[in-house]
2 protein chains.
Amino acid sequence: MTAELPKTPPTATLASGDAATRSVYFVSDSTGITAETLGNALLANFPGTRFRRQTVPFVSTVSGAKKILTSLTRSREAGENPLIFTTVKSADVLAVLHASDFETIDLLGGHLRELELALGTTASVQPGSFHGLGDAERYFARMRAVEYAIEHDDAQSFRALDQADVIIIAPSRCGKTPTTMYLALQYGLLVANYPLTDDDFPTEALPPTVAPYAKKCFGLTTTPLRLSQVRHERRPDSVYASLAQCTLELRRAEDLYRRNRVPFLNSSTKSVEEMSAVIMQSMRLRA
Amino acid sequence: MTAELPKTPPTATLASGDAATRSVYFVSDSTGITAETLGNALLANFPGTRFRRQTVPFVSTVSGAKKILTSLTRSREAGENPLIFTTVKSADVLAVLHASDFETIDLLGGHLRELELALGTTASVQPGSFHGLGDAERYFARMRAVEYAIEHDDAQSFRALDQADVIIIAPSRCGKTPTTMYLALQYGLLVANYPLTDDDFPTEALPPTVAPYAKKCFGLTTTPLRLSQVRHERRPDSVYASLAQCTLELRRAEDLYRRNRVPFLNSSTKSVEEMSAVIMQSMRLRA
């Protein structure tokens, strides 16, 4: 029953050349994470358009889909021009979305057909739940990795350092902690991190705590100006945040990396996702 | 120059009915995260097939693509039957992949065309970098959220609790910390968490520390058996891990949530991604 919704060909609602903000709805039968990830990756290719995003998770029934359409119809009456990205798998629920006159981009369907062909087998009819518990062993490994990351953040503990997949070393505020958390939460890697302080620099060797694990070490650096800015946020007008101190610490850290053949990257223009990808590739940690 | 690669129609390499493990390569011009996310979401629909996954990030040149094909050809000679998922945007690089005789599923291309139609405008020709720094303001908000989460994990700090978007409360080992980290890292939400201990149960009200922020509170519970198992991993054969103690704490926690109208969920069958989606939906935190 979608009779209450006006039916016009999709092209009639194309806002060609419309410079206004487009409303984008990520409609999922599960968490919405896949729809957000791919949807946002696609939208990033249209830097000239502004988007207002809304995620609608757990839409697994026809009545749930109809409720969304009612809400979208109201949004349109209020001047919005909604666009739907969906990862819903149920043919019935999808049919409701496609039968509406809102632009609906099905992010999974076509690829599932391609994959059925490639694998020579049929896709399961269960609703998608890639972001559910799924492979329990892999899931609990990720949860343990988060615990390990928190226990080993900022050299708080040296217990079980031999179990680390990677030890990230860097001067304070180069991005160790968020990168550590990302590698743990997304990939279940055991990641410790160790801050390089003034005490670590008089010698030419790695700090004694991490020296036995030199092959697990990965270094971060950044630009002195960027580091100084970030440190000023934490401790304004301190020696710690001064450009001179930042320049010195970064130069010493880079020397230390080179002397000890520790691979390193400059974090100033990289996201945690990019740093994680580089670290995994460099340390051959990527499955 | 792909002349060294054998050219046969794609169907000739279809391993129809092949029950062996399939090798899957996520080939990206950036981090590979979008390819992994969508690719794995698709593979989850084929529970009867086993997959060996490999991510190949930062493939942005024709020569990079040819190097991969060389490596895939070697894998095939070793008995593998590789399948490529790609989010590469460059037409030249894509052409190299498509010209090979490996099954190649282009995860972005078709949708970009759909989106161009829907938006009435042309996609940028820049390589994709959705997982780059992108919107700097949003990115640094996520990084600050990770700091906030670590500072406020397990009631370590009560500073700036009024700034929290949500305060997750639960007995020990119900999943507060990984859920907190996920909400911070993925969505840039300011999340504190507070453990309910025996001391918090004699009264009927929320613990004094979080009581002023009752409307920001979200509770977690689990099953006594699951909680007991998880606690045994940390402190084997302790009162803390006993089924009786777990049953008592969970019953008291649920009573507390109900009496104070704190929304809550059972974490025993939910992933951190699912819990995060429920929390955001329930607290109307989802953009």
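As the structure is a computational prediction, the values presented were derived from the model and not from experiment.

**Concerning the pattern of salt bridges**
Opposite charge on two side chains permits pairing when their charged atoms draw close.
Then comes step 1: A complete count under the given rule lists 18 salt bridges over all chains for this structure.
Then comes step 2: For the salt bridge of Glu-147 of chain B with Arg-173 of chain A, the shortest nitrogen-to-oxygen distance reads 2.8 Å. Within this pair, whereas Glu-147 of chain B is found in helix α5 (residues 136–151), its partner Arg-173 of chain A is found in the loop between β5 (166–171) and α6 (176–187), the two belonging to separate chains.
Then comes step 3: With a relative accessible area of 21%, Arg-173 of chain A lands in the partly exposed category.
Then comes step 4: Measuring nitrogen to oxygen at the nearest pair gives 2.6 Å for the salt bridge that ties Glu-273 of chain A to Arg-142 of chain B. A residue pair is termed interchain when its members come from two chains, as with Glu-273 of chain A in helix α9 (residues 272–282) and Arg-142 of chain B in helix α5. Just as Glu-273 of chain A is buried, Arg-142 of chain B falls in that class too.
Then comes step 5: Connected via shared salt-bridge partners are Glu-147 of chain A together with Arg-173 and Arg-234 of chain B.

**A few points about helix α1 (residues 33–43) of chain B**
For an α-helix the count is 3.6 residues per turn, leaving residues at separations of three or four pointing the same way.
Then comes step 1: Within α1 of chain B, 11 of the 11 residues are buried, which leaves the element mostly enclosed by the surrounding structure.
Then comes step 2: Burial in α1 of chain B covers these residues: Ile-33, Thr-34, Ala-35, Glu-36, Thr-37, Leu-38, Gly-39, Asn-40, Ala-41, Leu-42 and Leu-43 of chain B.

**Remarks on the UniProt feature "binding site: ADP" (unreviewed entry) in chain A**
All names here are of chain A.
Then comes step 1: Under the feature "binding site: ADP" (unreviewed entry), the UniProt entry names Ala-170, Pro-171, Ser-172, Arg-173, Cys-174, Gly-175, Lys-176 and Thr-177.
Then comes step 2: Tracing the backbone through its elements, the reader meets Cys-174 in the loop between β5 and α6.
Then comes step 3: One can find Gly-175 in the loop between β5 and α6.

**What to know about the relation of the copies chain B and chain A**
The operation linking the two copies of the chain is a rotation about an axis combined with a translation along the axis.
Then comes step 1: After a rotation of 180° and a shift along the axis of 0.0 Å, chain B superposes on chain A with an RMSD of 0.0 Å. Read as a symmetry element, the transformation amounts to a two-fold axis.
Then comes step 2: The fraction of interface residues of chain B whose copies in chain A are also interface residues reaches 100%, indicating that both copies meet through the same surface.

**A closer look at the packing of aromatic side chains**
Residue and element names in this part refer to chain B.
Then comes step 1: The full count for this structure, using the stated rule, is 9 aromatic pairs over all chains.
Then comes step 2: Plain terms: the ring middles of Phe-158 and Tyr-194 are 6.4 Å apart, the flat faces sit at 40° to each other, and that makes the pair tilted. On the criterion of sequence distance, the pair formed by Phe-158 in the loop between α5 and β5 (166–171) and Tyr-194 in strand β6 (residues 191–196) is long-range, its members being 36 residues apart.
Then comes step 3: Sitting over the face of the ring of Tyr-240, Arg-235 holds its NZ or CZ atom 4.1 Å from the ring centroid.

**Some remarks on the confidence of the model for chain A**
Then comes step 1: Confidence in the prediction for chain A averages 87 pLDDT; 90% of positions are at 70 or higher.
Then comes step 2: At the level of individual helices and strands, chain A shows its lowest average pLDDT in helix α5 (residues 136–151) of chain A, which scores 89, and its highest in strand β7 (residues 217–221) of chain A, which scores 98.

**Describing the pairing of strand β1 (residues 22–27) of chain A**
All names here are of chain A.
Then comes step 1: Counting buried residues in β1 gives 6 out of 6 residues, a clear majority hidden from the surface.
Then comes step 2: Here β1 shows two buried faces, one formed by Arg-22, Val-24 and Phe-26 and the other by Ser-23, Tyr-25 and Val-27.
Then comes step 3: Taken together, the 6 bridges between β1 and strand β2 (residues 51–56) define a ladder with parallel strand orientation. Along β2, the bridge assignment pairs Phe-26 with Thr-55.
Then comes step 4: A crossover connection joins β1 to the parallel β2 through helix α1 (residues 33–43); in handedness this β-α-β unit is right-handed.
Then comes step 5: Note that β1 and strand β3 (residues 83–86) share 4 bridges and pair parallel. Across the sheet, residue Phe-26 finds its bridge partner in β3, namely Phe-85.

**Brief notes about the nonpolar core**
Then comes step 1: By size, the foremost hydrophobic cluster in this structure holds 94 residues, and its most contacted members are Ile-167, Ile-169 and Leu-183 of chain A together with Ile-167, Ile-169 and Leu-183 of chain B.
Then comes step 2: Setting aside its immediate chain neighbours within four residues, Leu-183 of chain B contacts Val-166, Ile-168, Gly-188, Leu-189, Val-191, Ser-276, Ile-279 and Met-280 of chain B.

**Digging into the interface of chain B and chain A**
Then comes step 1: Across the boundary between the two partners, chain B contributes 87 residues, which contact 87 residues of chain A.
Then comes step 2: Note on chain B versus chain A: buried area summed over both sides is about 6,800 Å², and carbon and sulfur give 66% of it.
Then comes step 3: On the surface where chain B and chain A come into contact, there are 6 salt bridges.
Then comes step 4: Linking chain B with chain A are 18 residue pairs in polar contact (both at pLDDT 80 or more), by the criterion used here.
Then comes step 5: Here the side of chain B that touches chain A gets 9 residues from one element, more than from any other, and that element is α1 of chain B.

**Some thoughts on the pairing of β5 of chain A**
Residues and elements named next belong to chain A.
Then comes step 1: The buried fraction of β5 amounts to 6 of the 6 residues, a majority that puts the element mostly inside the structure.
Then comes step 2: Side chains Val-166, Ile-168 and Ala-170 of β5 all project onto a buried face; the interleaved residues Ile-167, Ile-169 and Pro-171 project onto the opposite face, where all are buried too.
Then comes step 3: At this point the chain moves from β5, through α6, to the parallel strand β6 (residues 191–196), and the crossover so formed is right-handed.
Then comes step 4: In this sheet, β7 lies alongside β5 in parallel orientation, the contact comprising 3 bridges. If you follow Ile-168 over to β7, its bridge partner there is Phe-218.

**Examining the side chain of Glu-116 of chain A**
Then comes step 1: By the secondary structure assignment, Glu-116 of chain A is in helix α4 (residues 109–119).
Then comes step 2: Only 2.7 Å separates the side chain of Glu-116 of chain A from the backbone nitrogen of Ala-123 of chain A, close enough to count as a polar contact.
Then comes step 3: Once residues lying within four places of it in the same chain are set aside, the contact partners of Glu-116 of chain A are Thr-121, Thr-122 and Ala-123 of chain A together with Phe-46 of chain B.

**Concerning the sheet that holds β5 of chain A**
All names here are of chain A.
Then comes step 1: A sheet is described by the order of its strands in space; here 4 strands give the open sequence β6-β5-β7-β8, paired in parallel fashion. Pairing within the sheet leaves two strands with one partner each, and these edge strands are β6 and β8 (264–266). Averaged over all pairs of adjacent strands, the angle between their axes in this sheet comes to 25°, without regard to strand direction.
Then comes step 2: Two strands pair when backbone bridges link them, and β5 and β6 are joined in this way by 6 bridges, in the parallel orientation. Note that in β6 the partner of Ala-170 across the bridge is Pro-195.
Then comes step 3: The sheet strands contacting α9 are β5, β7 and β8, and the helix crosses β7 at an angle near 145°.

**A short note on the packing of α5 of chain A against helix α6 (residues 176–187) of chain B**
Then comes step 1: At a minimum axis distance of 10 Å, the contact between α5 of chain A and α6 of chain B shows a crossing angle of 85°. Considering the angle they form, α5 of chain A stands roughly perpendicular to α6 of chain B. Taken together, the residues of α6 of chain B that come into contact with α5 of chain A (itself represented by Met-143, Val-146 and Ile-150 of chain A) are Thr-177, Pro-178 and Met-181 of chain B.
Then comes step 2: In terms of residue class, the contact of α5 of chain A with α6 of chain B is built from 5 nonpolar, 1 polar and no charged.

**Re the sheet that holds strand β2 (residues 51–56) of chain B**
Residue and element names in this part refer to chain B.
Then comes step 1: Judged by pairing direction, the sheet is parallel, and its 4 strands sit side by side in the order β2-β1-β3-β4 without closing on themselves. This sheet does not close on itself; its edge strands, each paired only once, are β2 and β4 (103–106). Pairs of neighbouring strands in the sheet enclose a mean axial angle of 20°, with direction left out of account.
Then comes step 2: In the packing of α1 onto the sheet, the strands contacted are β1 (22–27), β2 and β3 (83–86), and the crossing angle to β1 comes to about 150°.

About the cut-offs
Residues numbered from 1 in each chain as written. Chains lettered and ligands numbered in written order. Predicted model: local features only at pLDDT ≥ 70, side-chain atom pairs only at ≥ 80, totals over all residues. Heavy atoms only, no water. Salt bridge = Lys/Arg side-chain N within 4 Å of Asp/Glu carboxyl O. Helix = DSSP H or I, 4+ residues; strand = E, 2+ residues; numbered from the N terminus. Buried < 20%, exposed > 50% of the residue type's maximum accessible area, 1.4 Å probe, protein only. UniProt positions renumbered as here; feature names shortened; annotations may be inferred. Least-squares fit on C-alpha atoms with pLDDT ≥ 70 in both. Contact = heavy atoms within 4.5 Å. Phe/Tyr/Trp six-rings, centres within 6.5 Å; stacked < 30°, edge-to-face > 60°. Lys NZ or Arg CZ within 6 Å of the ring centre and 35° of its normal. pLDDT = per-residue confidence, 0-100. Pairing = 2+ DSSP bridges. Right-handed = clockwise from strand over helix to strand, strands pointing away. Core = buried A, V, L, I, M, F, W, Y, C linked by side-chain atoms within 4.5 Å. Buried area = accessible area lost by both parts, 1.4 Å probe. Polar contact = N/O pair within 3.5 Å; in protein donor to acceptor, adjacent residues only side chain to side chain. Axes fitted to C-alpha atoms, helices over the stretch in contact; angles between N-to-C directions. Parallel < 35°, antiparallel > 145°, perpendicular 65-115°, else oblique. Nonpolar A, V, L, I, M, F, W, Y, C, P; charged D, E, K, R; others polar.

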